[in-house]
Amino acid sequence: MARVLIVGAGVTGSLCAALLRRQTSGPLYLAVWDKAEDSGGRMTTASSPHNPQCTADLGAQYVTCTPHYAKKHQRFYDELLAYGVLRPLTSPIEGMVMKEGDCNFVAPQGISSIIKHYLKESGAEVYFRHRVTQINLRNDKWEVSKQTGSPEQFDLIVLTMPVPQILQLQGDITNLISECQRQQLEAVSYSSRYALGLFYEAGTNIDVPWAGQYITSNPCIRFISIDNKKRNIESSEIGPSLVIHTTVPFGITYLEHSIEDVQELIFQQLENILPGLPQPIATKCQKWRHSQVTNAAANCPGQMTLHHKPFLACGGDGFTQSNFDGCITSALCVLEALKNYI
């Protein structure tokens, strides 16, 4: 039985797992490892420690589908709409730039429910707090070391984490990346920002006419969402949640500052935009060091194969673009590259 490891439980990794399971007729051991404590990657949904039903999307806020991808990736959208994972965005988002023919979707159960759907479909064994440190070649197999626990062996590996994290891996993989590939990978760049989730008690009223708002006049805050209102799931039993995304210049300036200091700065600016906001009962501040790809890998659309036998490839938005369709494109390219090796 082939043993396959996918590193990264974000959109690309989870979709690779689901597609691989659907397209493989024989027996297959499929594992997904992620260094975080839950799935989602940059499509993560945080929960209030006081009520797990009170949630906030700290990464992607909604999915935008252009007419081109509505056709090209129709089966993916149809599936997620049929399962109720996605629904059309109907709540008012002030300042949103809409292009003709674009459709926007929200995930009522939180944006990470997209990833959870694909992981469930894949039947993969999913392991969290598994940070890969080394990849070595051993007797035509891959030996993968993680921060804790024993190394494990696999026949195929797909790496879907941000490109700088791929370049940090130790072991034989450092010699398997050609000079040309290394230059392509080192040229991949990302923007950085912070996200702050605020969780409130049931019955709290946040009196604004919008569900989301793009801010253009603040050096710190770029976007605010009343998250349950955005997803159209307001309930008297569950408190509202608020999500704040910072601007990229703010994210870059304060990238190495403490989370506590950054959170305090965001609160100060938030008071200027929404004065008199009630006190939240819990907060969650998330640093997105690798937020959105600003420069994708050149001349390797969708994926980069680092080794053929045994197979090792990397994929993700670093090889396409930072949106749902970019991740679908990458997953399909990875599947096309590895189909002859499974």
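Residues numbered from 1 in each chain as written. Predicted model: local features only at pLDDT ≥ 70, side-chain atom pairs only at ≥ 80, totals over all residues. Heavy atoms only, no water.

1. Concerning the domain arrangement of the protein chain
Applied cut-off: Domain start and stop points were drawn from an automatic or database domain assignment. Between two residues, a contact is recorded if the distance between any of their heavy atoms is within 4.5 Å. A 1.4 Å probe defines the accessible area here, and the buried area is the portion of it lost by two parts on being joined, summed over both. Only one rule defines a salt bridge in this text: a Lys or Arg side-chain nitrogen within 4 Å of an Asp or Glu carboxyl oxygen. Side-chain atoms alone can form a polar contact between residues adjacent in sequence; in general such a contact is a pair of N or O atoms within 3.5 Å, and within protein one must be able to donate a hydrogen while the other accepts it. To qualify as a helix, a DSSP run of H or I must reach at least 4 residues; to qualify as a strand, a run of E must reach at least 2; elements of each kind are numbered from the N terminus. Only Asp, Glu, Lys and Arg are considered charged in this grouping, and only Ala, Val, Leu, Ile, Met, Phe, Trp, Tyr, Cys and Pro are considered nonpolar; every other residue, Gly among them, is considered polar.
Looking at the protein chain, the domain boundaries give domain 1 (2–37 + 128–188 + 299–339) and domain 2 (49–110 + 190–295). Using only C-alpha atoms to locate each centre, domain 1 and domain 2 end up separated by 29 Å. Across the boundary between the two partners, domain 1 contributes 18 residues, which contact 16 residues of domain 2. Three residues stand out in domain 1 for area buried against domain 2, namely Ser322, Phe324 and Asp325, and they jointly supply 34% of the buried area on that side. Summed over the shared surface of domain 1 and domain 2, the result is one salt bridge. Across the pair arginine 22 and glutamate 79 runs a salt bridge whose closest N-O atoms are separated by 3.0 Å. The tally of links between domain 1 and domain 2 comes to six residue pairs in polar contact (both at pLDDT 80 or more). Going through the elements one at a time, helix 1 (11–23), helix 5 (163–167) and helix 11 (324–338) are the ones with two or more residues in the side of domain 1 that touches domain 2. Considered class by class, the residues forming the side of domain 1 that touches domain 2 number 10 nonpolar, five polar and three charged.

2. Some remarks on the nonpolar core
To keep it simple, the criterion reads: To define a nonpolar core, start from buried Ala, Val, Leu, Ile, Met, Phe, Trp, Tyr and Cys residues and group those joined through side-chain atoms within 4.5 Å. For each residue, the accessible area found with a 1.4 Å probe, counting protein chains only, is set against the maximum for its type, and the residue is called buried under 20%, exposed over 50%, and partly exposed in between.
Counting residues in each nonpolar core, the largest one holds 42 residues, and the members touching the most others are Leu30, Met43, Val63, Leu86, Ile114, Tyr118 and Phe324. The leading source of residues in this core is helix 11, at eight residues. Built from parts of two domains, this core gets at least three residues from each of domain 1 (2–37 + 128–188 + 299–339) and domain 2 (49–110 + 190–295). Membership of the second largest hydrophobic core comes to 29 residues, among which are Trp33, Met161, Ile177 and Ala297.

3. Concerning unusual backbone geometry
Lysine 309 connects to proline 310 through a cis peptide bond whose omega is -5°. Note on placement: proline 310 falls in the loop between strand 21 (303–307) and strand 22 (311–315). Of note in the backbone geometry, arginine 129 takes a positive phi value of approximately 55° without being a glycine. Topologically, arginine 129 is positioned in the loop between strand 9 (125–127) and strand 10 (132–138). The exposed category is assigned to arginine 129, whose relative accessible area is 56%.

4. Examining the sheet that holds strand 8 (residues 103–106)
Basically, it comes down to this: Paired strands, in this sense, are two strands between which DSSP finds at least two bridges.
Taken in spatial order, the three strands make up an open sheet running 5-8-6, and their pairing is antiparallel. Of all the strands in the sheet, just strand 5 (63–65) and strand 6 (87–88) have a single pairing partner and so form its edges. Alignment of strand 5 against strand 8, held across three bridges, turns out to be antiparallel. What sits directly across from valine 63, in strand 8, is phenylalanine 105.

5. Observations regarding the packing of helix 1 against helix 4 (residues 113–122)
In plain terms, the rule: All axes here are fitted lines through C-alpha atoms, helices being fitted over the stretch that makes contact, and every angle between N-to-C directions spans 0 to 180 degrees. In these notes the angle categories are as follows: under 35 degrees is roughly parallel, over 145 is roughly antiparallel, 65 to 115 is roughly perpendicular, and the rest is oblique. Whether a crossing is left-handed or right-handed is set by the direction in which the near helix is turned from the far one by less than a right angle, anticlockwise for left-handed and clockwise for right-handed.
Contact geometry for helix 1 and helix 4: axes closest at 8 Å, N-to-C directions at 30°. Classed by the angle they form, the pair helix 1 and helix 4 counts as roughly parallel. Seen from above, helix 1 lies across helix 4 with left-handed handedness. Facing helix 1, whose interface residues are Val11, Ser14, Leu15, Ala17, Ala18, Arg21 and Arg22, helix 4 presents Ile115, Tyr118, Leu119, Glu121 and Ser122.

6. So, the pattern of salt bridges
Applying the stated criterion across every chain, the model contains 14 salt bridges. The closest approach of N and O atoms between aspartate 227 and arginine 231, which form a salt bridge, is 2.8 Å. Counted as one network, the salt bridges with shared partners bring together Asp57, Asp227, Lys230 and Arg231.

7. A closer look at the packing of aromatic side chains
Heads up, the condition is: Two rings from Phe, Tyr or Trp (for Trp, the six-membered ring) form a pair when their centres are within 6.5 Å of each other. A pair whose planes differ by under 30 degrees is stacked, one over 60 is edge-to-face, and the rest are tilted.
In this structure the tally under the stated criterion is seven aromatic pairs. An angle of 80° between the planes, with centres 5.7 Å apart, marks the rings of tryptophan 33 and phenylalanine 154 as edge-to-face. Taken together, the residues span a long stretch of sequence, with tryptophan 33 in strand 2 (residues 28–33) and phenylalanine 154 in strand 12 (residues 152–154) at a distance of 121 residues. Residue tryptophan 33 is classed as buried on the basis of its relative accessible area, which comes to 1%. Taking the centre distance of 5.6 Å and the plane angle of 85° together, the rings of tyrosine 77 and phenylalanine 324 count as edge-to-face. Of the two residues, tyrosine 77 is situated in helix 3 (residues 74–82) and phenylalanine 324 in helix 11; the sequence distance between them amounts to 247 residues.

8. A few points about the UniProt feature "domain: Amine oxidase" (unreviewed entry) in the protein chain
What counts is decided by this rule: UniProt positions are given in the numbering used here, feature names are shortened, and annotations may be inferred rather than shown by experiment.
As recorded in UniProt, the sites labelled "domain: Amine oxidase" (unreviewed entry) are residues 100–297. Within residues 100–297, the helical portion is 26% and the strand portion 31%, while the C-alpha atoms at the span's ends are 29 Å from each other.

9. So, the UniProt feature "signal peptide" (unreviewed entry) in the protein chain
The residues that UniProt annotates with the feature "signal peptide" (unreviewed entry) are residues 1–16. Spanning residues 1–16, this segment combines 38% helix with 38% strand, and its end C-alpha atoms are found 18 Å apart.

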